[in-house]
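# Examining the three-dimensional arrangement
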Amino acid sequence: MSFTLLHGIIVDLKRVIVLFLKCSANAESCEKRVNPSAWLAFLILSGCCCSTDRFDLPALSEPSNRQSDAALEDDSASLLDIDAQASELLVIRMVPASGPFVGGNQVLVRGSGFTSESRVYIGGRMVRSQDATFVDTNRLSIIVPAGEPGPSDVLVERGSDSATLEGGYTYSALYLDPASGSTAGGTLVEIIGNGTAFSEGVEVRFDSEACLDVRRFSPTRLSCRTPPMRAGAADVTVFDPASKEKPLVAEEAFLYIDTANATNGGLAGEPIEGTINVTVFDSTLGIRLQGVFVMVGDDINTPLQGLTDERGQITFSDPGLAGPVTVHAALKCFEKGSIVSFDATDVTIFLRTLIGIDPACMDFDLFEFEIPDLPEDSGRAMTTISGELVLPQRDEFYYNDWNRIPQPRDNEQRVIYIFTTQASATSLNPNPKTAEGLQRVVEGETAVANAGFPYKITSRSGGLAVYALAGIENRNKREFFPYLMGVTRDVIATPGKETNGVDILVDIPLDREFQVKLLELPQSTPEGPLRFRAQAHVDLGGQGVIVREVNGNSIDLVSKSNGDATFRFLAQPAMIDSLADGRYALLVGWYTGSDDEPPYTAMIKRGVEQSVEPLVLRKELLGLPQAVAPKDGESIPQDRILSWTADGPQPDLHIVTIEGGDGYPAWRQIVPGRLRETPIPDLGSIANLQDIAQGRVIWKVRAVRIPEFRFNQFQYDVLSSRYWTHDALNAFGIKR
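What counts, and where the lines are drawn
Residues numbered from 1 in each chain as written. Predicted model: local features only at pLDDT ≥ 70, side-chain atom pairs only at ≥ 80, totals over all residues. Heavy atoms only, no water. Helix = DSSP H or I, 4+ residues; strand = E, 2+ residues; numbered from the N terminus. Buried < 20%, exposed > 50% of the residue type's maximum accessible area, 1.4 Å probe, protein only. Contact = heavy atoms within 4.5 Å. Areas by Shrake-Rupley, 256 points an atom, 1.4 Å probe, with all protein chains shown as cover. pLDDT = per-residue confidence, 0-100. Pairing = 2+ DSSP bridges. Phe/Tyr/Trp six-rings, centres within 6.5 Å; stacked < 30°, edge-to-face > 60°. Lys NZ or Arg CZ within 6 Å of the ring centre and 35° of its normal. Disulfide = S-S within 2.5 Å. Salt bridge = Lys/Arg side-chain N within 4 Å of Asp/Glu carboxyl O. Core = buried A, V, L, I, M, F, W, Y, C linked by side-chain atoms within 4.5 Å. Lys, Arg positive; Asp, Glu negative; His and termini not counted. Polar contact = N/O pair within 3.5 Å; in protein donor to acceptor, adjacent residues only side chain to side chain. Axes fitted to C-alpha atoms, helices over the stretch in contact; angles between N-to-C directions.

On to the overall build of the protein chain, then. Within the protein chain, the secondary structure is distributed over five helices and 51 strands. Out of the 736 residues belonging to the protein chain, those deemed buried represent 49%. Within the protein chain, residue pairs in contact and separated by at least 24 positions form 68% of the contacts whose partners lie at least 6 positions apart. Summed over its atoms, the accessible surface of the protein chain is roughly 35,100 Å², and 49% of this surface lies on carbon and sulfur atoms.

Another aspect to go through is the confidence of the model for the protein chain. Mean pLDDT over the protein chain works out to 85, with 85% of the residues at or above the 70 mark. The secondary-structure element of the protein chain with the lowest mean pLDDT is helix H4 (residues 69-73), recorded at 30, while strand S24 (residues 325-330) shows the highest, at 98. The model gives residues 1-86 a pLDDT under 50, and that stretch makes 104 contacts with residues more than four places away or in other chains. Residue range residues 374-380 is modelled with pLDDT below 50. Its contacts to residues more than four positions away, or to other chains, number three contacts.

As a further point, take the pairing of strand S10 (residues 174-177). By the alternation rule, side chains of S10 split into Leu 174 and Leu 176, which are all buried, and Tyr 175 and Asp 177, of which none is buried. Pairing of S10 with strand S12 (residues 188-193) involves four bridges; the strand directions are antiparallel. Paired with Asp 177 across the two strands is Glu 190, which belongs to S12.

Quick look at the packing of aromatic side chains now. Considering all chains together, one arrives at 19 aromatic pairs under this definition. Note on Phe 481 and Tyr 483: the rings are 5.3 Å apart at their centroids and 70 degrees apart in plane angle, and the pair reads as edge-to-face. Taken together, Phe 281, Phe 350, Phe 714 and Tyr 716 form an aromatic cluster joined through their ring pairs. Taking the ring centre of Phe 217 as reference, the NZ or CZ of Arg 221 above it sits at 4.4 Å. The ring of Tyr 591 has Arg 533 sitting right over it, with the charged end atom 4.3 Å from the ring centre.

Using the criterion set out here, one finds two disulfides in the structure. The partner cysteine of Cys 211 in its disulfide is Cys 224, sulfur to sulfur 2.1 Å. Note on the Cys 211 and Cys 224 pair: the S-S dihedral is about 85 degrees, so by sign convention the disulfide is right-handed. Residue Cys 211 is found in the loop between strand S14 (209-210) and strand S15 (212-218), and its partner Cys 224 is found in strand S16 (residues 221-225); the two are separated by 13 residues along the sequence. Accessibility classification places Cys 211 together with Cys 224 in one group, the buried group. In this model Cys 333 forms its disulfide with Cys 361; the gap between the sulfur atoms is 2.0 Å.

For the rest of this paragraph, the subject is the pattern of salt bridges. All chains considered together, the criterion is met by 31 salt bridges. Between Glu 473 and Arg 478 there is a salt bridge, with its nearest N and O atoms 3.4 Å apart. Classification of Arg 478 as partly exposed rests on a relative accessible area of 31%. Between Arg 568 and Glu 513 there is a salt bridge, with the nearest N and O atoms lying 2.5 Å from each other. With a gap of 55 residues between them, Arg 568 in strand S41 (residues 567-572) and Glu 513 in strand S35 (residues 512-519) connect regions that are remote in the sequence. Since its relative accessible area comes to 46%, Arg 568 is described here as partly exposed. Put simply, Asp 213, Arg 215 and Arg 225 are held in one network by salt bridges that share partners.

Quick look at the sheet that holds strand S11 (residues 180-182) now. Taken in spatial order, the five strands line up as S11-S18-S17-S13-S14 in an open sheet, and their pairing is mixed. The sheet is open, and its two borders are formed by S11 and S14, each paired with just one other strand. Pairing analysis gives six bridges linking strand S17 (residues 232-239) to strand S18 (residues 248-257), with the strands arranged antiparallel. Of the residues in S18, the one forming a bridge with Val 236 is Ala 250.

It is worth spelling out unusual backbone geometry at this point. That bond from Val 95 to Pro 96 is cis: its omega, -5 degrees, falls within 30 degrees of zero. With respect to the helices and strands, Pro 96 occurs in the loop between strand S1 (90-95) and strand S2 (98-100). The residue after Pro 598, namely Pro 599, is reached through a cis peptide bond having omega 5 degrees. Position of Pro 599 among the secondary structure elements: in strand S43 (residues 597-608). The backbone of Glu 252 shows a phi angle near 50 degrees, a positive value even though the residue is not glycine. Mapped onto the elements, Glu 252 comes out in strand S18. Judged by its relative accessible area of 56%, Glu 252 is exposed. Despite not being glycine, Glu 520 shows a phi value in the positive range, around 55 degrees.

Moving on, we come to the environment of Gly 582. Note on placement: Gly 582 falls in the loop between S41 and strand S42 (583-592). Exposure remark for Gly 582: the relative accessible area of 2% places this residue in the buried category. With near-sequence residues (within four places) excluded, Gly 582 lies in contact with Val 538, Asp 539, Leu 540 and Met 575.

This part is about the nonpolar core. Counting 39 residues, the largest nonpolar core has Val 278, Val 294, Ile 339, Phe 342, Ile 349, Leu 351 and Phe 714 as the members making the most contacts within it. Sorting the residues of this core by element identifies strand S20 (273-282), strand S21 (293-296), strand S23 (313-322), S24, strand S25 (336-342), strand S26 (346-351) and strand S47 (653-659) as the ones contributing at least two each. Not counting chain neighbours up to four residues away, the residues in contact with Ile 339 comprise Leu 267, Val 325, Thr 326, Val 327, Val 347, Ile 349, Ile 670, Phe 711, Phe 714 and Tyr 716. Counting residues in each nonpolar core, the second largest holds 37 residues, with Val 442, Met 485, Leu 518 and Ile 555 among its members.

In this structure, Asp 358 sits in the loop between S26 and strand S27 (382-390). Buried charge without a salt bridge: Asp 358, with Lys 332 as the nearest opposite-charge side chain at an N-O distance of 7.6 Å. Polar contacts involving the side chain of Asp 358 include one to the main-chain amide nitrogen of Ala 360, which spans 3.0 Å.

What the four strands build is an open sheet, ordered S19-S26-S20-S23; its pairing is mixed. Pairing within the sheet leaves two strands with one partner each, and these edge strands are strand S19 (266-268) and S23. Direction aside, the axes of adjacent strands within the sheet are offset by 20 degrees on average. Where S20 lies against S26, six bridges are found, and the strand directions are parallel. Bridging from a neighbouring strand, Asn 277 pairs with Asp 346 of S26.

Within the secondary structure, Leu 505 is located in strand S33 (residues 504-505). Leu 505 gets classed as partly exposed once you look at its relative accessible area, which sits at 39%. Residues Leu 505 and Thr 488 lie 17 residues apart in sequence; the distance between their C-alpha atoms is 7.6 Å. When sequence neighbours within four positions are dropped, the list of residues in contact with Leu 505 reads Val 390, Pro 392, Tyr 399, Met 485, Gly 486 and Val 487.

The element strand S36 (residues 531-539) is extensively covered by neighbouring structure, given that eight of its nine residues are classed as buried. As paired elements, S36 and S42 share nine bridges and run antiparallel to each other. When the sheet's bridge partners are listed, Arg 531 is paired in S42 with Tyr 591. With four bridges joining them, S36 and strand S40 (residues 557-560) adopt antiparallel strand pairing. In the strand pairing of S40, Gln 535 is matched with Leu 557. By the bridge criterion, two bridges tie S36 to strand S37 (residues 545-546) in an arrangement that is antiparallel. Looking at S37, one finds that Asp 539 is bridged to Val 545.

See below:
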């Protein structure tokens, strides 16, 4: 039931009760004066089980909720006609019903009969027209003007009509800045009083918990650091134990917020103005980490350092704290983590565990958290798809003939392979041959079923397309070249359930060509890159990407040693019929070594339309990071700052990782794309922590571009390559 409808029922119910008390002796008169909706309201509410814990029902004796008995007795309102209720102007309550004397907070006026022309007064002070918003006939949203501490009447005018809620809004003598903070506590709050006399012995409580580090600056101004508390609103009480004056109470004046982003981590909130809230999670198990050393800035002697609490949280507050800042987090047997040069109040850092990797981290009794049981992989994401392949001849009435594929020579045969689209160009599908089915159809070996040749494959689940490649295969080398293709769209594969009847009409000739040229490449390094590789896959949007790979050989991959040459992709389908909305997802890279070792730079370009003219990519690849300090073979610099340079377009993000001399991950840092340096402070003096292990240290710099990325809104999920359009990586060996 909507609240608007419920409110109408409540108003009608009040009419019934008042009239019942006033005229119970005259039943006939009462019957004439109460409209049908009121009786319906009485019947509904007298028998329903709506909880007053959820809906704050106004007391029937409140004179401010009605102007007169006549107003309550007005039978013009209808339960099902909100516009009709607008004729009765009522002010029921304010939500919230209190706030600071300075005003400026948003409040909802609840009642009935409101219009867009309604005017609101609090304590005789009119709410400015630009600060009042008409929501509906039952609600006005206002920005409260400043007022004197204590209760104030709320008046709403509508033309010549008016309604008053006596003492409906209470101004508190206390104003808090900020008015919200982390559940971890530690937020530095300034408390300003109106007409107060704060003394040296003043105490402050948030609900029943003492506010810490109370400092008095004047009789009307003090500050303290919030105690830890559960999420929600807390009352703030200021009192002097030596005084006989009543304590000052600001109801629900401070809002505790859990600032952690347990799902994606990273940065959130407004720019930093004196406070940073930090939460640290284990990136693998998703649990909050207690006792993590967290430091703001790079000075190991900074007062802005400490350990996370049992909820993995710590808050730093200082009047001079402003962005951009850097935060480092470290815990024994975890890779250190840093977010560099950001300006956001709420920080959630994910640390990767070394438990099970580093032999020194196998004693689980060292840790204060419990390791939860990981769910078993049920394989529910896999399913099977079956159907028939139909091979039409040029004569549309003659089917299942192989003659549109060239006649095979000795040691060759005509073959058809069946696949499904991948979720992305870089994701992997389950092996289609793992089911007890048929993923490879060979001429002369498979009999015709109902309409064509039967097949059955293992598939990922979800919305996808199924496609077939028909061509010539070498019997010995299993080399395959396609001549025909068939695509069936809009297949819904349900996990754990076979999707049958998915027939594929193999009738698309692969007689098109697509060409790509690279111009104005970034500067190379002495180590590489050495070769170019380009791939062009048909992208079907939400139904996935066609990645044509047979027997481990990619049909749509072209490698060259010279980037100035043209990349030619042969055996392409025309983008018509079932592929009419198809576009190319183009992957281009400049790599070192056979396994794509760094240095390399690569990109993916989506939404490329098929054209007879070559696609020219000019200055598209990111520049290769090249070490400035320390360079290969050098030691970590005394200032503990790693720096590099790169040409080409500016990336959005740098991911800097360090592998210690022991071969284990030591540090992961998130650095803005505008910077070319990052600090690695020596944390070896901190209890239970060690500096980067001595020996040959590997540090890597990865530059990344991400569409619509904002660094101060960074989240860890963007560290997955599926979000990247560009990627450049280099690695450097140094000494410690």
